[in-house]
Amino acid sequence: MAVEVKYVVIREGEEKMSFASKKEADAYDKMLDLAEVLGDWLGTGPVALEDEMRDQMALWLAEQKDALSGILKSGKLPGAEAEEPAAASASADAEPTDAVDIKSAQKRAKVA
C-alpha cells in the first residue's frame, strides 16, 4: 500500500487545488490572497465590473504578478526591451515624417 501526502488549498470550505509539495500549496494560497486584495481594490476603481469579471481580472493579475511588477517598474511590456533595438534600427532606415516621439519631446521640454 502506498502513502501519498497531499497539500490541499481550501477557501471558504471549498477545495481549490491540491499539490504534492507544501511550497507549491503555500505559493498558490498566497496568490489567492493577492487576488482577493486585488478584487477589493478593483471594486473601488472608476470602471464598474460585474463580480465575476472582477474576480477573474483579480485572479489573472495575481497570476501575472511578476509581469505586472516589471511593467510598473519599467513602464514597458515584458519582452519589449528585446524588440526596442530592432524597432530603432527600422525607424532609422525609414523616411522622416512629421511624427513626434513623445519620449524625445519630454526630454527636450526638460532641457528647455
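Throughout what follows, the structure given in this document is the object of discussion. Because the structure is predicted, anything quoted here is derived from the model rather than measured.

Rules and cut-offs
- All residue numbers refer to position in the chain's written sequence, counted from 1.
- Only residues with pLDDT of 70 or above have their local features reported here, since the model is predicted, and side-chain atom pairs are shown and tallied only from 80 upward, although totals for entire chains, interfaces and linings are computed over all residues.
- Hydrogens are left out, water is left out, and the side-chain values use all remaining heavy atoms of the structure.
- Residue types Ala, Val, Leu, Ile, Met, Phe, Trp, Tyr and Cys, when buried and joined through side-chain atoms within 4.5 Å, form a set referred to as a nonpolar core.
- Residue burial is assigned from relative accessible area. The probe radius is 1.4 Å, only protein chains are included, and a residue is buried under 20% of its type maximum, exposed over 50%, and partly exposed in between.
- Helix and strand assignments come from DSSP, with helices taken as H or I runs of at least 4 residues and strands as E runs of at least 2, each series counted from the N terminus.
- What qualifies as a polar contact is a pair of N or O atoms within 3.5 Å, subject to a donor-acceptor requirement within protein and to the restriction that residues adjacent in sequence count only when both atoms come from side chains.
- Working rule for contacts: check all heavy atoms of both residues, and any pair within 4.5 Å makes them a contact.
- Each salt bridge in this description consists of a side-chain nitrogen of Lys or Arg and a carboxyl oxygen of Asp or Glu lying within 4 Å of one another.

Quick look at the nonpolar core now. The biggest cluster of nonpolar side chains holds 12 residues, and these are Val-9, Phe-19, Ala-25, Tyr-28, Met-31, Leu-32, Ala-35, Leu-38, Leu-42, Ala-58, Leu-61 and Ala-62. Mapped onto this core, the elements with two or more residues apiece are helix H1 (22–43) and helix H2 (51–63). In terms of residues, this core owes the most to one element, H1, which gives seven residues.

As for its placement among the helices and strands, Arg-11 is situated in strand E1 (residues 7–11). Of the polar contacts made by the side chain of Arg-11, one reaches the side chain of Glu-36; its length is 3.4 Å. When residues no more than four places from it in sequence are discounted, the contact partners of Arg-11 are Lys-16, Asp-29, Leu-32, Asp-33 and Glu-36.

Take the pattern of salt bridges next. Taken as a whole and assessed by the stated rule, the structure comprises six salt bridges. For Asp-29, the salt bridge goes to Arg-11, with nearest N and O atoms at 2.9 Å. Of this pair, Asp-29 sits in helix H1 while Arg-11 is found in strand E1, placing the two residues 18 residues apart along the sequence. Relative accessible area serves as the criterion here: at 29%, Asp-29 is assigned to the partly exposed category. Across the pair Asp-33 and Arg-11 runs a salt bridge whose closest N-O atoms are separated by 2.4 Å. Residue Asp-33 is found in helix H1, and its partner Arg-11 is found in strand E1; the two are separated by 22 residues along the sequence. Using a relative accessible area of 36% as the deciding quantity, one classes Asp-33 as partly exposed.

Taken by themselves, the reported measurements are silent on function.
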